[in-house]
Amino acid sequence: LSGFERDPETQQARLGSVNLSALLAANPRRTPAYVYDLDGIEAGARALVESLRPRDLVAYALKANSAGSIVRRIARAGCGADVVSGGELELALGAGIPARKIVMSGVAKSDGEIDLALARGIRALQVESLEELARSIARASAAGKVARVSVRINPGVEVDTHAHIATGHAAAKFGVAAAEWPRVAALLASTQAAKLVGISAHVGSSLKTTEPYLASARVVCDVCKDWQKRGLAPEFLDFGGGFGIDYGAGNISAQPRDFARAALELLASQGLDALELVVEPGRSLVGPFGVLVAAVIQSKLTDSGRWLMLDAGMNDLIRPALYGARHRIEPLARLPDEPSWRVVGPICESTDDFGMHDLGPSAPDYVVIRDAGAYGFTLASEYNGRALPAEVFLSAGKVESISASPGVAAWVERRLRA
Ligand SMILES: Cc1ncc(COP(=O)(O)O)c(C=O)c1O
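Report on the accompanying structure.

Reading guide: rules and limits
Residues numbered from 1 in each chain as written. Predicted model: local features only at pLDDT ≥ 70, side-chain atom pairs only at ≥ 80, totals over all residues. Heavy atoms only, no water. Helix = DSSP H or I, 4+ residues; strand = E, 2+ residues; numbered from the N terminus. Buried < 20%, exposed > 50% of the residue type's maximum accessible area, 1.4 Å probe, protein only. Near = heavy atom within 4 Å. Polar contact = N/O pair within 3.5 Å; in protein donor to acceptor, adjacent residues only side chain to side chain. Nonpolar A, V, L, I, M, F, W, Y, C, P; charged D, E, K, R; others polar. Core = buried A, V, L, I, M, F, W, Y, C linked by side-chain atoms within 4.5 Å. Contact = heavy atoms within 4.5 Å. Pairing = 2+ DSSP bridges. Axes fitted to C-alpha atoms, helices over the stretch in contact; angles between N-to-C directions. Parallel < 35°, antiparallel > 145°, perpendicular 65-115°, else oblique. Patch = residues over 30% accessible without salt bridge, like charges linked within 9 Å, V, L, I, M, F, W, Y side chains within 5 Å. Areas by Shrake-Rupley, 256 points an atom, 1.4 Å probe, with all protein chains shown as cover. Salt bridge = Lys/Arg side-chain N within 4 Å of Asp/Glu carboxyl O. Right-handed = clockwise from strand over helix to strand, strands pointing away.

The omega angle of the peptide bond from Thr31 to Pro32 is -5°, so this bond is cis rather than trans. By the secondary structure assignment, Pro32 is in the loop between helix H1 (20–26) and strand S4 (33–37). Omega for the bond connecting Glu338 with Pro339 falls within 30 degrees of zero, at 0°, which places this linkage in the cis form. Mapped onto the fold, Pro339 is located in the loop between strand S15 (329–331) and strand S16 (340–344). Positive phi, close to 55°, is recorded for Asp371, a residue that is not glycine. Mapping Asp371 onto the fold places it in the loop between strand S18 (366–369) and strand S19 (390–395). Using a relative accessible area of 7% as the deciding quantity, one classes Asp371 as buried.

The following block contains the structure:
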């Protein structure tokens, strides 16, 4: 259950105790490849489940990584899922997550997705607007069903994170705005076709401390107490995900279990601990347990410095281009060392740039991009006619399975047919 580490003698990179150089030697021409430590993922998920009460739910945000091998392990650890599309819902069910452990978020669920959620009997449709609530009621009435609804409120909380992953402030598109809360409550109190089962919020991703999480959760508790007075009886409160991970800057002071503990303490202090707690972590369950291994195509020396060109680019890992994220990049077979190199991918975009990294006096053959288990493969594309990366799943110190890249020929054929 070791995650990423280095052999103390040879300094070679290992993941889940598998030597990554040896892995590559056995699987030539397999880069770029995501490699995941399934045992680490399962152990982390189980630890979070065990830090909550038996009736609470860790609803894994499947968007972070939807590989079946990973979702099955997370299901085995006792987690449910937070899904944001009909496709993710079917994937969660197919990976063995029971419908009653699945919540469905999303600001623009199609009628078909609402119908699917109703048909599958999931724990809650998390409605994000008065209009969506009305539509869910209409779809449920037409199907002769009662929609189990959780209202995702917009708590109006500012978060110290990148603007593109802050979701809980008043100007965000997510959640029901405060001005609408009374109308939402009135509609829920007046219909037979929907039952309020939960109140939820998700304030943003990569939270460094529990404070913004708790600020949002307090608003959820206030709304809950107000709605209870209006005769509504939610079963659960869902404080969302967003637990940050340490990408190497050392600026994360709260671990997933700290968020869990703080959430339970808040429920108790608000007199709401009879309700179930739902949390929706994505990144923290998978991010640290995945790496992206890339081959060095070539280096280039210019007046502005040393460049290193990889076979992995923003099409494989878009977080640096999309959010200015920084991932540690290290040589596969030796420790990071000066001087610094500017590491870039092969894509014809200036933002295909992973930043400056200490890679040593000579160009390495392979590098490892760390903490790439979340929002890596799920955001990958075939831009520039590049194949999706391979994925390698490790368990018990060996390769459990490989999901091969579909290859460039498949891309050519499909685009020719388009
Ligand atoms: C509604 C919702 N819940 C949970 C998450 C998971 O966030 P994280 O991966 O930061 O834990 C997201 C991420 O965007 C989200 O939109």
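This next bit is on the site of the ligand. Taken together, 14 residues sit near the ligand, with Ser205, Gly242, Glu280, Arg283 and Tyr375 positioned nearest. Interatomic distance of 2.2 Å between a side-chain N/O atom of Ser205 and an oxygen atom of the ligand. Here Gly242 contributes a backbone N or O atom positioned 2.8 Å from an oxygen atom of the ligand. Broken down by class, the residue content of the shell around the ligand amounts to three nonpolar, six polar and five charged.

Our focus in this paragraph is the nonpolar core. The biggest cluster of nonpolar side chains holds 101 residues, and the ones touching the most others in it are Ile70, Val151, Leu188, Trp227, Leu237 and Phe239. Take this core: its biggest share by element is nine residues, from helix H8 (residues 211–229). Non-local contacts of Leu188, meaning those with residues more than four positions away in its chain, are made with Leu133, Val149, Val151, Ala194, Leu196, Trp227 and Leu232. Counting 14 residues, the second largest nonpolar core, distinct from the first, contains Phe4, Leu332, Val368 and Leu394.

Attention shifts here to the sheet that holds strand S9 (residues 147–152). Read around the closed barrel, eight strands run S5-S6-S7-S8-S9-S10-S11-S12, paired in parallel fashion. The mean angle between the axes of side-by-side strands here comes to 30°, regardless of whether they run parallel or antiparallel. Sheet analysis places strand S10 (residues 194–200) next to strand S11 (residues 236–238), joined by three bridges and oriented parallel. Bridging across to S11, Ile199 finds its partner in Leu237. Where helix H4 (residues 86–94) meets the sheet, its contacts fall on strand S6 (80–83) and strand S7 (102–104), and the angle it forms with S6 comes to roughly 170°.

With that settled, the discussion passes to the packing of H4 against helix H5 (residues 111–120). For any two helices packed against each other, one specifies the crossing angle of their axes together with the interaxial distance. Axis separation between H4 and H5 bottoms out at 9 Å; the angle between their running directions is 25°. Relative to H5, the element H4 lies roughly parallel. Of the residues in H5, those in contact with Gly86, Leu89, Glu90 and Leu93 of H4 are Glu113, Leu116, Ala117 and Arg120. Of the residues belonging to the contact of H4 with H5, the class tally is four nonpolar, one polar and three charged.

Let us look at a nonpolar patch on the surface. On the surface, Val408, Val412 and Leu416 cluster together to form a nonpolar patch covering roughly 280 Å² of accessible area. You can see Val412 is positioned in helix H12 (residues 408–417). Taking the relative accessible area as the measure of exposure, Val412 reaches 35% and is therefore partly exposed.

This next bit is on the pairing of S9. Most of S9 is tucked away: six of the six residues are buried. The alternating pattern of S9 places Ala147, Val149 and Val151 on one face and Arg148, Ser150 and Arg152 on the opposite face, and all of these are buried. Inspection of the sheet shows strand S8 (residues 124–127) paired to S9 by three bridges, in the parallel sense. Looking at the pairing, Val127 lines up with Val151 of S9. Between the parallel elements S8 and S9, the chain passes through helix H6 (residues 130–143) in a crossover that is right-handed. The pairing of S9 with S10 spans six bridges and is classified as parallel. By the bridge assignment, Val151 is partnered in S10 with Ile199.

That is the geometry; function is a separate question.
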